[in-house]
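Given next are the chains, with one letter for each unit.
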Amino acid sequence: MTAVSPAPAEATAHTSRWPMTPELAALPKVEMHIHLDGTLEPAMKLALARRNGVTIAQSSEEEIRDSFVFHDLPTFLAVHYSNMDVLWTSLDYEELCYAYLSTAASQGVRHAEMFFDPQLHTSRGVPFDDIVRGYRRAIVRARSDFGVTAELIMCFLRDYGADHAMTTLMSALRYRDWIIGVGLDSDELRHPPAEYAAVFGRARREGFQITMHCDVDQVDSTEHIRQAIEDLGTQRIDHGLNVMESDALVELARTRRIGFTVCPLPYSTHPTRGLPELEVIRGMLDAGLLVSVGSDDPPYFGGYLGDNLQFMAEVGGFTLQELWLTQVHAVDIAWVSARRRQELLEELAGYARDHALDPSAAE
Ligand SMILES: [Zn+2]
């Protein structure tokens, strides 16, 4: 597929269901759980389908939004994977990433560490290089245009197994300077972290940082969290709310300063969930865990990072102090240079002073 018309797809006006208060809008933010593949807004899907000559089942943004019907992780993944068919060229990936960073910056995001799943695309015939080079160009442009810094984290899809993950890791080695870490996502059923021990061992030896998804209420969730921390040496758990079911796991995570990246709005879309997760998140904060906030896949779940924080405030009663603390935690666990970390912490300290927050809460 080749581009046959000029770039149509960079503007993604985000109409928020959870508009931030002015004081929350001013909070400097750090996004630690965002899937670039999951940021494809309906308008961009339509534009890319047209440009790339891909036939899709929907003809309007509304129809695309109406197609976002799912009730658990497997049904979500089925909807999400089908939307990937419009992404083909390096320019497509550049526009996708630039649009996300543009929207994030407009919500006060200063730094983002972004997942991408190359197997969703290389399995359809898209060259690995086109994906990574497109994302990289967007990161460079967004830094220049918005001052936002960003890093790439390559995730392996559990569905494809360990051998395919290792092959994908080998493809990433020549982009070692552009990909800061590796992660693990997609359907956990029958795919425990231990299955990927060799892949993550090699990744660590190659110098990649390590994170992995342990989604909420999966089969063997607490055992997956234990394996990820103890056996695979992960530095972060993406989601990981079930850690609170085990005092020993909480202690382990606290001792090793494991970062958790939680995503409030996505939990609220589950028919049997919502508020309980917000209480668990507060419990994680109160237990002294390093909890940061992410938006996961914004078009599917109703919002970007600012929306998620506003949702926490409005529905969960989280205070500005608590929301500020999640941003300090995000900086703590971010894979940034000492200089960039200092810049971000100084900005958050300035915000705390201006809003009469207690900075000792972060110590
Ligand atoms: Zn995720």
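Calculation criteria
Residues numbered from 1 in each chain as written. Predicted model: local features only at pLDDT ≥ 70, side-chain atom pairs only at ≥ 80, totals over all residues. Heavy atoms only, no water. Helix = DSSP H or I, 4+ residues; strand = E, 2+ residues; numbered from the N terminus. Buried < 20%, exposed > 50% of the residue type's maximum accessible area, 1.4 Å probe, protein only. Contact = heavy atoms within 4.5 Å. Areas by Shrake-Rupley, 256 points an atom, 1.4 Å probe, with all protein chains shown as cover. Lys, Arg positive; Asp, Glu negative; His and termini not counted. Charge placed at Lys NZ, Arg CZ, Asp CG, Glu CD. Axes fitted to C-alpha atoms, helices over the stretch in contact; angles between N-to-C directions. Parallel < 35°, antiparallel > 145°, perpendicular 65-115°, else oblique. Left-handed = near helix turned anticlockwise from the far one by under 90°. Nonpolar A, V, L, I, M, F, W, Y, C, P; charged D, E, K, R; others polar. pLDDT = per-residue confidence, 0-100. Phe/Tyr/Trp six-rings, centres within 6.5 Å; stacked < 30°, edge-to-face > 60°. Donors = N, O, S within 2.8 Å, 3.2 Å for Na, K, Ca; no water. Tetrahedral: all angles 85-135°; square planar, octahedral: opposite > 155°, others 65-115°. Pairing = 2+ DSSP bridges. Core = buried A, V, L, I, M, F, W, Y, C linked by side-chain atoms within 4.5 Å. Salt bridge = Lys/Arg side-chain N within 4 Å of Asp/Glu carboxyl O.

Before we move on, can you summarise the overall build of the protein with the specific residues and values?
Across its full length, the protein carries 17 helices and eight strands. Overall, the C-alpha framework of the protein stretches about 55 × 45 × 45 Å when taken along its three principal axes. Looking at the protein as a whole, 58% of its 363 residues are labelled buried. Of all intrachain contacts in the protein linking residues separated by at least 6 positions in sequence, the fraction that spans at least 24 positions is 80%. Carbon and sulfur atoms form 51% of the exposed surface of the protein, whose accessible area is close to 14,000 Å². Put simply, the protein has 31 plus and 53 minus side-chain charges, and the middle of one group is 6 Å from the middle of the other.

An account of the packing of helix α8 (residues 161-172) against helix α9 (residues 197-205) is requested, with residue identities and associated values reported.
Relative placement of two packed helices is described by the angle separating their axes and the distance separating the axes. Viewed as axis vectors pointing N to C, α8 and α9 meet at an angle of 15°, and their least axial separation amounts to 9 Å. In this view, α8 runs roughly parallel relative to α9, as classed from their interaxial angle. In the crossing of α8 with α9, the sense of the turn from one axis to the other is right-handed. Of the residues in α9, those touching α8 at Ala162, Ala165, Met166, Leu169 and Met170 are Ala198, Val199, Arg202 and Ala203. Tallied by class, the residues present in the contact of α8 with α9 amount to eight nonpolar, no polar and one charged.

An account of the confidence of the model for the protein is needed here, citing residue identities and associated values.
Segments scoring low in pLDDT should not have their predicted coordinates read at a detailed level. Chain-level pLDDT for the protein is 92 on average; 94% of the residues reach the 70-or-more range. Note that residues 1-12 has pLDDT below 50 and, in this model, 31 contacts with residues that lie over four places away or in other chains.

Which residues make up the packing of aromatic side chains, and what values go with them?
Within this structure, the stated rule accounts for 15 aromatic pairs. Summarising the aromatic geometry, the rings of Phe70 and Phe301 are spaced 5.6 Å apart at their centres and angled 75° between planes, so their arrangement reads as edge-to-face. Residue Phe70 is found in the loop between α3 (61-66) and α4 (73-83), and its partner Phe301 is found in helix α14 (residues 298-301); the two are separated by 231 residues along the sequence. Considered together, Phe70 and Phe301 belong to a single accessibility category, that of buried residues.

Break down the coordination of the zinc ion for me, with residues and values.
Around the zinc ion, the protein contributes the donor atoms His33 (NE2), His35 (NE2), His213 (NE2) and Asp296 (OD), which lie 2.1 to 2.4 Å from the metal centre. Because the angles between the four donor atoms bound to the zinc ion fall within 81 to 174°, the donor set is best described as irregular. For the zinc ion, the donor residues sit on a single chain with the sequence spacing H-x1-H-x177-H-x82-D. Of the two residues, His33 is situated in strand β1 (residues 29-35) and His213 in strand β5 (residues 209-214); the sequence distance between them amounts to 180 residues.

Describe the sheet that holds strand β7 (residues 259-262), naming the residues involved and giving the relevant values.
With parallel pairing, eight strands are arranged side by side in an open sheet as β1-β2-β3-β4-β5-β6-β7-β8. With partners counted over all chains shown, the strands left at the sheet margins are β1 and β8 (290-293), one partner each. Across the sheet, the axes of successive neighbouring strands diverge by a mean angle of 25°, strand direction being ignored. As defined by bridge partners, strand β4 (residues 179-185) adjoins β5 across two bridges and the pair is classed as parallel. Its bridge partner lying in β5, Gly181 is registered against Gln209. Along the sheet face, helix α7 (residues 128-146) touches β2 (109-116), β3 (149-157) and β4 and points at about 155° away from the line of β3.

How would you sum up the packing of helix α5 (residues 90-106) against α7? Please name residues and give values.
One can describe the packing of α5 onto α7 by two numbers: an axis separation of 7 Å at closest approach and a directional angle of 35°. As α5 packs across α7, the resulting crossing turns out to be right-handed. Contacts between α5 and α7 involve Ser90, Leu91, Tyr93, Glu94, Leu96, Cys97, Tyr98, Leu101, Ser102 and Ala105 from the first element and Asp130, Ile131, Arg133, Gly134, Tyr135, Arg137, Ala138, Ile139, Arg141, Ala142, Asp145 and Phe146 from the second. Here the residues of the contact of α5 with α7 are counted per class, giving 13 nonpolar, three polar and six charged.

Give me the lowdown on the nonpolar core, citing residues and values where you can.
The biggest cluster of nonpolar side chains holds 105 residues, and the ones touching the most others in it are Leu101 and Met114. Apart from the residues lying within four places of it in its own chain, the contact partners of Leu101 are Ala112, Met114, Ala138, Ile139, Ala142, Phe146, Val148 and Ala150. The next biggest cluster of nonpolar side chains, apart from the first, holds ten residues, and it includes Phe70, Leu73, Phe76 and Val79.

Requested: an account of the pattern of salt bridges, with residues and values cited.
For the structure shown, the criterion picks out 18 salt bridges. Asp92 is the salt-bridge partner of Arg51, the closest N and O atoms lying 2.5 Å from each other. In this pair, Arg51 is assigned in helix α2 (residues 42-52) and Asp92 in helix α5, connecting sequence segments 41 residues apart. For the pair Arg51 and Asp92, a shared accessibility class is recorded, and that class is buried. Across the pair Glu94 and Arg141 runs a salt bridge whose closest N-O atoms are separated by 2.8 Å. One end of the pair, Glu94, is in helix α5; the other, Arg141, is in helix α7, and 47 residues separate them in sequence. Among the residues examined, Arg141 registers a relative accessible area of 26% and is labelled partly exposed. The network of salt bridges with common partners includes Glu223, Arg226, Glu230 and Asp231.

Summarise the environment of Ala99; cite the residues concerned and give the values.
Relative to the assigned elements, Ala99 resides in helix α5. Residues Ala99 and Ser171 lie 72 residues apart in sequence; the distance between their C-alpha atoms is 26 Å.

Which residues make up the side chain of Asp187, and what values go with them?
Tracing the chain through its elements places Asp187 in the loop between β4 and α9. No salt bridge is formed by the buried Asp187. Its closest oppositely charged neighbour is Arg190, at 6.7 Å. When residues no more than four places from it in sequence are discounted, the contact partners of Asp187 are Leu73, Pro74, Leu77, Arg158, Asp159 and Gln218.

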